[in-house]
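Coordinate analysis (summary)
Residue strings, one per chain:
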Amino acid sequence: MHYCGDYRTSYEKDMEILQTPVTKAFVAAFFLFLLAWPFVVKSEFLWITMQILIAVIGAVGLNILTGFTGQISLGQGAFLGVGAYTSAYITAKMGLSFWIGVPAAGVVTALAGMIFGIPSLRLKGLYLAIATLASQFILEWIFLRWEPVTGGSFGIVVPRPSIGGFAFDTDRSYYYIVLVIAAVMVLFAANLMRTRTGRAFMAVRDHYISAEIMGINLFKYRILSFAVSSFYAGVAGALYGHSLRYVSSEQFNIGVSIVYLAMIIIGGLGSILGSIYGAVFMILLPKLLTVVTTQLGTSFPGIAELAIALEQGIFGAIIILFLIFEPDGLAHRWKMIKAYWKLYPFSY
Amino acid sequence: MTMQYLLQLVISGLVIGSIYSAVALGFVIIYKATRVVNFAQGELLMVGAYVCYAFLVQMRVPFGAALLLTILFSMALAMLIERMILRPMIGEPIISIIMVTIGLSLVLRSAVSVVWGTDILVYTPKLFPQETITLAGVPVSLEFVWCFVLSLFLLAVFSVFFKYSKAGVAMRATAFNQQVAQSMGISVKRIFALSWVISAVVSGIGGVLIGNINGINNTLYHFGLKVFPATILGGLDSILGAALGGMIIGVLENLSDGLCNTYFDLSGVKEVAPYVILVVILMIKPYGLFGTKEIERV
């Protein structure tokens, strides 16, 4: 949305990601704030921030596939798992470095995503959602049964990274690695959407027949979208595994896929900023619910053993309410609020 | 591996498959009329099973009355869900509707755990006789036979309902084209509510049947996940397809599990076999055995 007085004189200016000096300054300040964050907060909040950053990578990846290309995926959780196991195998079992493990996790997951993306040539909408649901269950089963590689139900213990003599074994030092990778990947995604490839993704989403008529190779761009999205999932999964120092199959079940889908729907489909809002919201929500239910548990003793079930129910209810009352997501609402104040008090 | 073992696998597969069929039937009814993909179908089954348990065991109502009350409860619940949650979502993209039914499934699951806890509960008194009879040389528990027959009966009733009754024809018309149906004087809103009611009742009865055989606990909703292989195999919008698909998936998962266990020493194939079948079907015949084909040309 553009307002009066908001002139652009060149296409380059019009395509900028951050369009005003104020936004540029704000984003720079926010990045500096994130750099200083570990020295301000307690370790448990730092841990949550780290999980949010990892979720941002995964959510941006899923949004590229579902929000920008219109291919519904219920298998993001399993793709995170492929990444986590790949990196775990490379670092813990082959003894190679983290710096090889994480990119390799991205590449292997991208390949897995391309394989499971093949049905997208023929299937769309609902059918594709069900196909990806199947891939979720099949991959989960492989995680549990392919014991020589995945460690079966025992899982794998993985190390934290190091460069030369310096080990990133504290949460504070590891946080910086995650922060830098997340920033680079978000920036890459935002830029990707301004290229021919990104516009082709959106054309495929908006009307795939028209896109094909305009010379966009549907199969190529759908598979490419699966590959890019899975690459993001793989990197996020690998970072997650290294942050916990442990990888096992139940960390990547169908529930994780649902949480990621909820992130991008609540944040805003087809919006990079929306994926970030969604990731923040969906990581903070369970923590908040845990605090609330433990508080309730002290005043109503009977409630303690029901806490997990209650949390799940409230989580579900919030998803439902969001979809009914805020179907376009947080990013859209934020835009509306900004527009309101920009034109206040004369909203014409 | 004897012939008898194979037969046993097939028969127990058919029994589980008949429950899959009932749930798949409920799923197809909703999908056909409203184009909503219900990820909470298994939860409707679970709620039915628990409510019946509450009436039968906790309140000591005789079985017939308990079943009737369960059906009434399922109807009320379905109407509430349709009115409160699904109606505001009309016109939203598929992904939002999928998500809202997933949210609903979480809420129902949590409600069951909060009210009845997480332990295995058993129906007493048992509804069906406990003897076994011999079928083609294989001993089969009589409750399995009952369960199978009752599921078949349900399927037959609904096939007839859709084919001949006025409401059934109206539902098919709505599925075909909502605007035309509305201009013919069919209340589309009422059809939506009706399809949810029927679906919840069918799933609830399925829940009561399975509860009688295996007892109930809070993982009963897993039945809902088998609905996807079953309906994709049969064709998403076909009643007959749902019935057959459920049975076939039940038999195939049992057979593959038994065979892999004996020959390859590979356990747990049961959990994954239906989904492998699902992917294969999607690759070669995406609209299933009886589904409506959509043809698009550029």
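Our structure's up above, just so we're on the same page.
Computed from a predicted structure; not experimentally measured. (Residues numbered from 1 in each chain as written. Chains lettered and ligands numbered in written order. Predicted model: local features only at pLDDT ≥ 70, side-chain atom pairs only at ≥ 80, totals over all residues. Heavy atoms only, no water.)

This part takes up the overall build of chain B. Across its full length, chain B carries twelve helices and two strands. When the elements of chain B are put in sequence order from the N terminus, they spell out α-α-α-α-β-β-α-α-α-α-α-α-α-α. By the compact-globule yardstick of 19 Å for 298 residues, chain B fits well, its C-alpha radius of gyration being 19 Å. Expressed as lengths along the three principal axes of its C-alpha atoms, the size of chain B is roughly 60 × 55 × 35 Å. Counting all 298 residues of chain B, 58% fall into the buried class. (Helix = DSSP H or I, 4+ residues; strand = E, 2+ residues; numbered from the N terminus. Rg over C-alpha atoms; globule rule 2.2 N^0.38 Å. Buried < 20%, exposed > 50% of the residue type's maximum accessible area, 1.4 Å probe, protein only.)

All names here are of chain A. Inspection of the secondary structure puts Ile 48 in helix H3 (residues 43-68). For the pair Ile 48 and Leu 284, spaced 236 residues apart in sequence, the C-alpha separation works out to 7.8 Å. Filtering out sequence-adjacent residues up to four positions away, Ile 48 remains in contact with Ile 283, Leu 284 and Lys 287. (Contact = heavy atoms within 4.5 Å.)

Together, Ile118(A), Leu121(A), Phe219(A), Val276(B), Val280(B), Met283(B) and Ile284(B) make up an exposed nonpolar region whose accessible area comes to about 590 Å². A per-element tally of the nonpolar patch places helix H12 (residues 269-284) of chain B first, with four residues. Along the chain, the position of Leu121(A) falls in the loop between helix H5 (98-117) and helix H6 (125-145). (Patch = residues over 30% accessible without salt bridge, like charges linked within 9 Å, V, L, I, M, F, W, Y side chains within 5 Å. Areas by Shrake-Rupley, 256 points an atom, 1.4 Å probe, with all protein chains shown as cover. Salt bridge = Lys/Arg side-chain N within 4 Å of Asp/Glu carboxyl O.)

Turning to the side chain of Asn63(A), a few remarks are in order. All names here are of chain A. Checked against the element boundaries, Asn 63 lands in helix H3. On the basis of relative accessibility, which here comes to 0%, the residue Asn 63 falls in the buried class. If we skip the residues at most four places from it in the chain, Asn 63 touches Phe 68, Ile 264, Gly 268, Leu 269, Gly 270, Ser 271 and Ser 275.

Attention shifts here to helix H10 (residues 227-234) of chain B. Among the eight residues in H10(B), eight count as buried, and that is most of the element. Among the structural elements, H6 of chain A together with helix H1 (3-34), helix H9 (222-225), helix H11 (239-264) and H12 of chain B are those in contact with the buried residues of H10(B). Phi turns positive, to about 105°, at Gly235(B), one or two residues after H10(B).

This next bit is on the packing of helix H12 (residues 254-267) of chain A against helix H4 (residues 94-116) of chain B. The interhelical angle for the contact between H12(A) and H4(B), taken along N-to-C directions, is 130°, at an axis separation of 11 Å. Judged on the interaxial angle alone, H4(B) and H12(A) are oblique. In terms of crossing hand, the pair formed by H12(A) and H4(B) is left-handed. Residues Ile258(A), Leu261(A), Ala262(A) and Ile265(A) of H12(A) lie in contact with H4(B), whose contacting residues are Ile95(B), Met99(B) and Ile102(B). Partitioned by chemical class, the residues of the contact of H12(A) with H4(B) number seven nonpolar, no polar and no charged. (Axes fitted to C-alpha atoms, helices over the stretch in contact; angles between N-to-C directions. Parallel < 35°, antiparallel > 145°, perpendicular 65-115°, else oblique. Left-handed = near helix turned anticlockwise from the far one by under 90°. Nonpolar A, V, L, I, M, F, W, Y, C, P; charged D, E, K, R; others polar.)

Let us now look at the interface of chain B and chain A. Residue-level contacts link 45 residues of chain B with 41 residues of chain A. The contact between chain B and chain A buries some 3,900 Å² in all, and 80% of this surface belongs to carbon and sulfur atoms. Here chain B and chain A share zero salt bridges between them. Joining chain B to chain A, the criterion identifies one residue pair in polar contact (both at pLDDT 80 or more). (Buried area = accessible area lost by both parts, 1.4 Å probe. Polar contact = N/O pair within 3.5 Å; in protein donor to acceptor, adjacent residues only side chain to side chain.)

Let us now look at unusual backbone geometry. Although it is not a glycine, Arg245(A) sits at a positive phi angle of roughly 65°. On the secondary structure map, Arg245(A) appears in the loop between helix H11 (218-244) and strand E4 (246-247). On the accessibility criterion, Arg245(A) (35% relative accessible area) is partly exposed. Backbone geometry places Arg60(B), a non-glycine residue, at a positive phi of 55°.

Before going further, it helps to spend a moment on the side chain of Gln136(A). Residue and element names in this part refer to chain A. Its location among the elements puts Gln 136 in helix H6. Take Gln 136: its relative accessible area is 0%, and that puts it in the buried class. Among the polar contacts made by the side chain of Gln 136, one reaches the side chain of Glu 140 at a distance of 2.8 Å. There is a polar contact of 3.5 Å between the side chain of Gln 136 and the backbone oxygen of Asn 253.

When two helices pack together, their arrangement is given by the angle between the helix axes and the distance between those axes. Residue and element names in this part refer to chain A. As a packed pair, H12 and helix H13 (residues 272-299) sit with axes 7 Å apart at the nearest point and diverge in direction by 125°. When the interaxial angle is binned, H12 and H13 end up oblique. Handedness of the H12/H13 crossing: right-handed. Taken together, the residues of H13 that come into contact with H12 (itself represented by Val 259, Ala 262, Met 263, Ile 266 and Gly 267) are Gly 274, Gly 278, Ala 279, Phe 281, Met 282 and Ile 283. Of the residues assigned to the contact of H12 with H13, the class counts are eight nonpolar, three polar and no charged.

This part takes up the pattern of salt bridges. This structure, assessed with the given rule, holds five salt bridges over all chains. Arg333(A) is paired through a salt bridge with Glu326(A); the nearest N and O atoms lie 3.0 Å apart. For Glu82(B), the salt bridge is made with Arg87(B), and the minimal N-O distance between the two is 2.9 Å. Here Glu82(B) and Arg87(B) have matching classes, each one buried.

Leu239(A) and Met99(B) are the most contacted members of the largest nonpolar core, which totals 197 residues. When residues in this core are grouped by element, the largest group, 15 residues, is from H3(A). Apart from the residues lying within four places of it in its own chain, the contact partners of Met99(B) are Ile258(A), Leu261(A), Ala262(A), Ile265(A), Ile319(A) and Leu323(A). (Core = buried A, V, L, I, M, F, W, Y, C linked by side-chain atoms within 4.5 Å.)

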